[in-house]
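What follows is each chain in one-letter form.
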Amino acid sequence: MPDLLLELFSEEIPARMQAKAADDLRRMVTDKLVAEGLVYEGAKAFATPRRLALTVHGIPARQPDLKTERRGPKVGAPDAAVQGFLKATGLKSLDEAKIQRDPKGDFYIGLIEKPGRDAIDVLAEILPVIIRTFPWPKSMRWGAASREPGSLRWVRPLHAILCTFGPETETPEVVPFEVGGIRSGSVTRGHRFLAPQPIEVRRFSDYVASLERARVVLDAERRKDIIRAEARNLAFAQGLELVEDEALLDEVAGLVEWPVVLMGSFEPEFLATPAEVIRATIRNNQKCFVVRDPKTGKLASKFILTANIEASDGGKAIVAGNERVIRARLSDAKFFYETDLKTRLEDRLPKFAQIVFHQKLGTQAERIARIVRLAGLLAPMVGADPGKAERAAMLAKADLLTEVVGE
């Protein structure tokens, strides 16, 4: 049975939107296929920073013919009702209708036959609608066409549409349609820098292989596996271990099509800053992983980054650039931390009297006072020292006014 291959190639797809977009594409296409009577065997969607792709296996080559019965007027009904029935069912005369006996009388029954269409024609009809109504959280219009009402919207400018349909044993056909001036075809492109040339594609198997040769790993899970394995290996080679971070791994895998994992370093004196601050600084600003000494559990003065290119210098310039940025960020973090150490937490509390917590609940100072009273009441119930519990409650929110938390 024939397979469908669809790729929507755009300027960029933000990492945070990729997983949902792939799922939306699979759901919208397969739901529409089933609604059209084209029951498929399996479907899988993929996303990279530049493309959404979908393969649907085992689609029938043609819709099934539909036969439905339509109940008409009673035998002997007025001619106007009979003519309306004949027109609605497509019958030429009542001789082509059946008569169904009923306690309320005899009724005409019309058999309506609707021949199925070729699946490729159905796809050419439904895919433009899906593309135009795709539920991006944020989308844009671009180019001269953006001035026209109803112009195509996409997350970033859509450059090309690859869409083929056919059995594995034959050369598939291009599903012919056009959206926003972009005609479907059988051509894709590889990595933006490493292999930007056009690539002719027939079916999903050679699509994946062609992208791989063009430095694009289509499957996000495989990109994650590559990044995780290479990061662990780099850390192990230095006698260190990777600090695992699945959320960061998901994000980084959505930023690259050809992951190249590299290691950089920073000055050991920055390790005097709390590990949580170092990790947050490196993670949030540069999307890099931190490593630690497996013997002590303490962070090491190295980090791991993921590039999207195989550089001619082995990544030295990329590493140096990240080191410069991380050094500057850690310098800021170290300054804020050392500044915070000069002021006791108790000395920050008076400022809370000028900060509104909630219009109906008063200031942060009033909120802290309520927490202190509650801690004092609860402490005896769990065998805790009421004085220490109240002091802990009083200081619990003081870090909100520190430079580190503010930054």
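For the structure, see preceding data.
*Asks:* Run through the overall build of the protein, naming residues and quoting values.
*Replies:* When helices and strands are counted, the protein shows 12 helices and 18 strands. Relative to the compact-globule value of 22 Å for 407 residues, the protein shows a C-alpha radius of gyration of 32 Å, a clear excess of over 25%. Per-residue burial for the protein yields a buried fraction of 41% across its 407 residues. Restricting to contacts in the protein with at least 6 residues of sequence separation, those with at least 24 account for 66%. Surface accessibility of the protein: about 22,500 Å² in total, with carbon and sulfur atoms responsible for 53%. Counting 61 positive and 57 negative side-chain charges, the protein places the averaged centre of each group 4 Å from the other.

*Asks:* Requested: an account of the sheet that holds strand β16 (residues 299-307), with residues and values cited.
*Replies:* Taken together, the 4 strands give an open sheet; going across it, the order is β13-β15-β16-β14, and neighbouring strands pair in antiparallel fashion. The open sheet terminates on both sides in strands that have one partner only, identified here as β13 (241-242) and β14 (260-265). As paired elements, strand β15 (residues 289-292) and β16 share 3 bridges and run antiparallel to each other. Pairing of phenylalanine 289 across the sheet is with isoleucine 304, part of β16.

*Asks:* Can you tell me about the pattern of salt bridges, naming the residues and giving the values?
*Replies:* Going through the model one piece at a time under the given rule, you end up with 29 salt bridges. Across the pair glutamate 241 and arginine 292 runs a salt bridge, and its minimum N-O distance is 2.8 Å. On the criterion of sequence distance, the pair formed by glutamate 241 in strand β13 and arginine 292 in strand β15 is long-range, its members being 51 residues apart. Here glutamate 241 falls in the partly exposed class, since its relative accessible area comes to 31%.

*Asks:* Tell me about the sheet that holds strand β5 (residues 98-102), residues and numbers included.
*Replies:* If you walk across this open sheet you meet the 3 strands as β4-β6-β5, and the pairing is antiparallel. The open sheet has two free edges, formed respectively by β4 (66-74) and β5, since each of these has just one partner strand. Geometrically, the sheet is characterised by an average inter-axis angle of 35° between neighbouring strands, direction not taken into account. Across the sheet, helix α2 (residues 79-89) lies against β4 and β6 (105-114), angled at about 175° from β4, the strand it touches most.

*Asks:* Please provide a residue-by-residue account of the pairing of strand β3 (residues 51-57), values included.
*Replies:* With respect to burial, β3 is a largely interior element, 6 of its 7 residues being buried. Of the pairings in the sheet, the one linking strand β1 (residues 3-10) to β3 comprises 6 bridges and is antiparallel in character. Across the sheet, leucine 4 pairs through a bridge with valine 56, a residue of β3. Where strand β2 (residues 42-47) folds back on β3, the antiparallel hairpin that results is connected by 3 residues.

*Asks:* Please set out the packing of helix α7 (residues 275-286) against helix α8 (residues 316-340) residue by residue, giving values where relevant.
*Replies:* In the contact formed by α7 and α8, the axes pass within 10 Å of each other and the chain directions differ by 135°. As judged from the angle between their axes, α7 and α8 are oblique. Where α7 crosses over α8, the handedness of that crossing is right-handed. In this structure, α7 uses Val277, Ile278, Thr281, Ile282, Asn285 and Gln286 to contact α8, whose residues at the interface are Asn322, Val325, Ile326, Arg329, Leu330 and Ala333. For the contact of α7 with α8, a count of residues per class yields 7 nonpolar, 4 polar and 1 charged.

*Asks:* So, α7: which residues are in play, and what are the values?
*Replies:* If you check α7, its first and last C-alpha atoms are 16 Å apart, about what 12 residues at 1.5 Å a residue would give, namely 16 Å. Residues of α7 that are buried: Val277, Ile278, Thr281 and Ile282. Around the axis of α7, the buried residues are gathered within 120° of arc, so they sit on the same side. Residues of α7 that are buried make contact with β15, β16, α8 and α12 (403-406). With its phi angle positive at about 55°, lysine 287 sits one or two positions after the end of α7.

*Asks:* Tell me about unusual backbone geometry, residues and numbers included.
*Replies:* Here arginine 215, not a glycine, exhibits a phi torsion of approximately 65°, which is positive. Position of arginine 215 among the secondary structure elements: in the loop between α4 (204-213) and α5 (220-237). Under the relative-accessibility criterion, arginine 215 is labelled partly exposed at 29%. With phi around 55°, lysine 287 is a residue other than glycine that occupies positive phi space. The topology assignment puts lysine 287 in the loop between α7 and β15.

*Asks:* Go over the packing of aromatic side chains with me, naming the residues and quoting the values.
*Replies:* Summed over all chains, the structure comprises 7 aromatic pairs. Their ring planes at 50° and their centres at 5.0 Å tell us that phenylalanine 134 and tryptophan 136 sit as a pair that is tilted. Under the relative-accessibility criterion, tryptophan 136 is labelled buried at 10%. Pairing tryptophan 136 with tryptophan 154 gives two aromatic rings, centres 5.2 Å apart and planes at 80°, and the pair type is edge-to-face. Taken together, the positions of tryptophan 136 in the loop between α3 (119-132) and β7 (158-166) and tryptophan 154 in the loop between α3 and β7 put the pair 18 residues apart, joining distant regions of the chain. Each member of the pair, tryptophan 136 as well as tryptophan 154, carries the same accessibility label: buried. Ring pairing ties together the aromatic residues Phe46, Phe204 and Tyr207, which thus form one cluster. The ring of phenylalanine 107 has arginine 71 lying over it, and the distance from NZ or CZ to the ring centre is 3.7 Å.

Conventions used here
- Residues numbered from 1 in each chain as written.
- Predicted model: local features only at pLDDT ≥ 70, side-chain atom pairs only at ≥ 80, totals over all residues.
- Heavy atoms only, no water.
- Helix = DSSP H or I, 4+ residues; strand = E, 2+ residues; numbered from the N terminus.
- Rg over C-alpha atoms; globule rule 2.2 N^0.38 Å.
- Buried < 20%, exposed > 50% of the residue type's maximum accessible area, 1.4 Å probe, protein only.
- Contact = heavy atoms within 4.5 Å.
- Areas by Shrake-Rupley, 256 points an atom, 1.4 Å probe, with all protein chains shown as cover.
- Lys, Arg positive; Asp, Glu negative; His and termini not counted.
- Charge placed at Lys NZ, Arg CZ, Asp CG, Glu CD.
- Pairing = 2+ DSSP bridges.
- Salt bridge = Lys/Arg side-chain N within 4 Å of Asp/Glu carboxyl O.
- Axes fitted to C-alpha atoms, helices over the stretch in contact; angles between N-to-C directions.
- Parallel < 35°, antiparallel > 145°, perpendicular 65-115°, else oblique.
- Left-handed = near helix turned anticlockwise from the far one by under 90°.
- Nonpolar A, V, L, I, M, F, W, Y, C, P; charged D, E, K, R; others polar.
- Expected span 1.5 Å × (residues − 1).
- Arc of directions from axis to C-beta.
- Phe/Tyr/Trp six-rings, centres within 6.5 Å; stacked < 30°, edge-to-face > 60°.
- Lys NZ or Arg CZ within 6 Å of the ring centre and 35° of its normal.

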